Amino acid sequence: MSDPNHDPVASTDAPEEAALAQVRAKAGEGIVVCDACPVLCRIRPGKTGACDRYGNVDGKLARLDPFVVAQRTIDQDGRLVPFLGKPWDGNLVPSPDTFVTGIGAGTTYPDYKPAPFIVSSQADGVDMVTVVTEGIFSYCGVKVKIDTDRYIGPEQAAVRVTGEQVGHVTTAEYGSQMLSLGGVRHLTGGSKKEGVVTCETLLTLCNKGAVEMSIDGGSSVLVQAGRPPVIGGVAEERMRVGCGSATIGIFARQWLGHVDEVIVVDDHITGVLTEHQAGRFLDMPHAGIRVRGRRSTPGRYFQVANPGTGWGGTDITDPLAIIEKIDPKTAWPGLRLLMVSTTGEHAGWFVLDDKLAPQPASMPEPIRAVVERIGENCEPALCTVLFMAGAGGSLRAGVTENPVKLTRSVRHALTRVTSGGAPVYVWPGGGITYMVDVTTMPDNAFGYVPTPAIVGPIEFTMTRAAYATLGGHVDCIRRIESIQGVERVKPIAWSPTNPWPLRPPAGEA
Ligand code: SF4
């Protein structure tokens, strides 16, 4: 995000129209003023603006990155799509199997202009329109899911990158730790450095890059979409099979007859087999081993230890440390005890001696097989990065003269929203607040402007009739064939795992 050629001349606080007029008046020979965002860069010949997205090419303002269109090479039934009678060769062939994305399309700022590309094509005999733009999002962030039981830091703790707070730890989910990063407060509400670092962090994560973060009172975490997290320098491999109680439930029958007690160590819910409902159903006698912590329900214990990076997301390295007492009236010498974590990564086999003290022993083969099965049932630990932004603001004016009609059309599923062609989840309620998994999008789909804000692709697809109904810029519709004449166009193969967006709504085909 360096800006060697950047010569912004107006702050974002200045009234935009006045600033633009002033800048245009001052612009010298050969200098062009970019008005694609509020920074209003004056760009010298052959140079680029602060975001590197626009440049001065032969005295004209030009969007520099490729404009990405996706060609569907396999249809919804898995059949190869022929292009001019042969398989697709990587060249653009405008057709109903071409989807125009917002990547590299350019923006409509300050939004009274129609979107840069409003493209028509036919799908199943129905005229469709796709409106594409690059949204400039100050209200945006990422939600990060990190598949691990390891303690990364307390809920609400600050997440920092190079010392600047870029977000916080939020509510943990089943088998995963969660971060909420970015948002308007970190982008614009703190120091300039905080905003810049937050913007860089979001941009790198959204473009599938890796970012090292530190969490106050917790660990360092290396996060990259679709890759295993690295926590405190150690790559996480397994996502737990379930909590301690769930692990007891899944494997109870397989342990029956080979063991007298199983304790599944877990930071959230530690399970104790013979007390647990599963052990009761299997008529296993109580073993008389009481673990530390708060009993929730029979065989399910909270807070047996502190959170950490040891067994089952606790801070313990010696599993026997969580045993509070062994009842001599119930337990017996020779009692066989398995202690295991929720990933099977840690396991210990013990036999009670004459004084009822657990002694380590060699694990029998049938028990080892079940411990290995716990590991086998763990999924690979990954980081998931969801970009989240609000598209319910002024960019709607690039689609229609009456923006609320677009919001209603999205709400009624008449308009499909995608980001770089990838499906998005639109939140219920007001506005067009959406989330998208960045791994489903083409590479390097995101950019930034130094206001600071993230630039992300967005497409609105609907029938031509629906577009006219919502007051769309129908005069600006161009046929898909005209895309061939766009200089920067870059065809890529459509990702067949994404649903094809050029489908008429049900009942209109
Ligand atoms: S930062 Fe980029 S989009 Fe904004 S005015 Fe400068 S060149 Fe144009």
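Residues numbered from 1 in each chain as written. Predicted model: local features only at pLDDT ≥ 70, side-chain atom pairs only at ≥ 80, totals over all residues. Heavy atoms only, no water.

**Some points on the confidence of the model for the protein**
Here's step 1: For the protein, per-residue confidence averages 90 on the pLDDT scale, and residues scoring 70 or more make up 93% of the total.
Here's step 2: Low pLDDT, under 50, characterises residues 2–16; the predicted model gives this stretch 29 contacts beyond four residues in sequence or across chains. (pLDDT = per-residue confidence, 0-100. Contact = heavy atoms within 4.5 Å.)

**So, the pairing of strand 3 (residues 54–57)**
Here's step 1: Relative to strand 4 (residues 60–63), strand 3 is paired through four bridges, and the arrangement is antiparallel. Bridged to glycine 55 within strand 4 is alanine 62.
Here's step 2: Counting the residues in the hairpin turn of strand 3 and strand 4 gives two residues, including aspartate 58, whose phi is positive at 55°. (Pairing = 2+ DSSP bridges. Helix = DSSP H or I, 4+ residues; strand = E, 2+ residues; numbered from the N terminus.)

**Here we look at the nonpolar core**
Among soluble globular proteins, nonpolar side chains are generally buried collectively.
Here's step 1: Leu179, Leu181, Phe387 and Phe460 are the most contacted members of the largest nonpolar core, which has 74 residues in total.
Here's step 2: When neighbours within four sequence positions are excluded, leucine 179 is seen to be in contact with Val142, Lys143, Val144, Ile146, Ile152, Val159, His168, Val169, Thr170, Met213 and Ile215. (Core = buried A, V, L, I, M, F, W, Y, C linked by side-chain atoms within 4.5 Å. Buried < 20%, exposed > 50% of the residue type's maximum accessible area, 1.4 Å probe, protein only.)

**Let's talk about the sheet that holds strand 15 (residues 230–231)**
Here's step 1: Taken together, eleven strands build an open sheet; the order of strands is 16-15-14-13-10-11-12-9-28-32-31 and the sheet is antiparallel. Two strands in the sheet have a free side with no partner beyond their single neighbour: strand 16 (234–235) and strand 31 (425–426).
Here's step 2: By the bridge criterion, seven bridges tie strand 9 (residues 140–147) to strand 12 (residues 176–182) in an arrangement that is antiparallel. When the bridges of strand 12 are listed, lysine 145 appears paired with methionine 178.

**A closer look at the sheet that holds strand 5 (residues 67–71)**
Here's step 1: Spatial strand order, 6-5-36: three strands in an open sheet with mixed pairing. If you trace the sheet from one side to the other, it starts and ends with strand 6 (98–100) and strand 36 (489–493), each paired once. Averaged over all pairs of adjacent strands, the angle between strand axes in this sheet comes to 30°, irrespective of strand direction.
Here's step 2: With three bridges joining them, strand 5 and strand 6 adopt antiparallel strand pairing. (Axes fitted to C-alpha atoms, helices over the stretch in contact; angles between N-to-C directions.)

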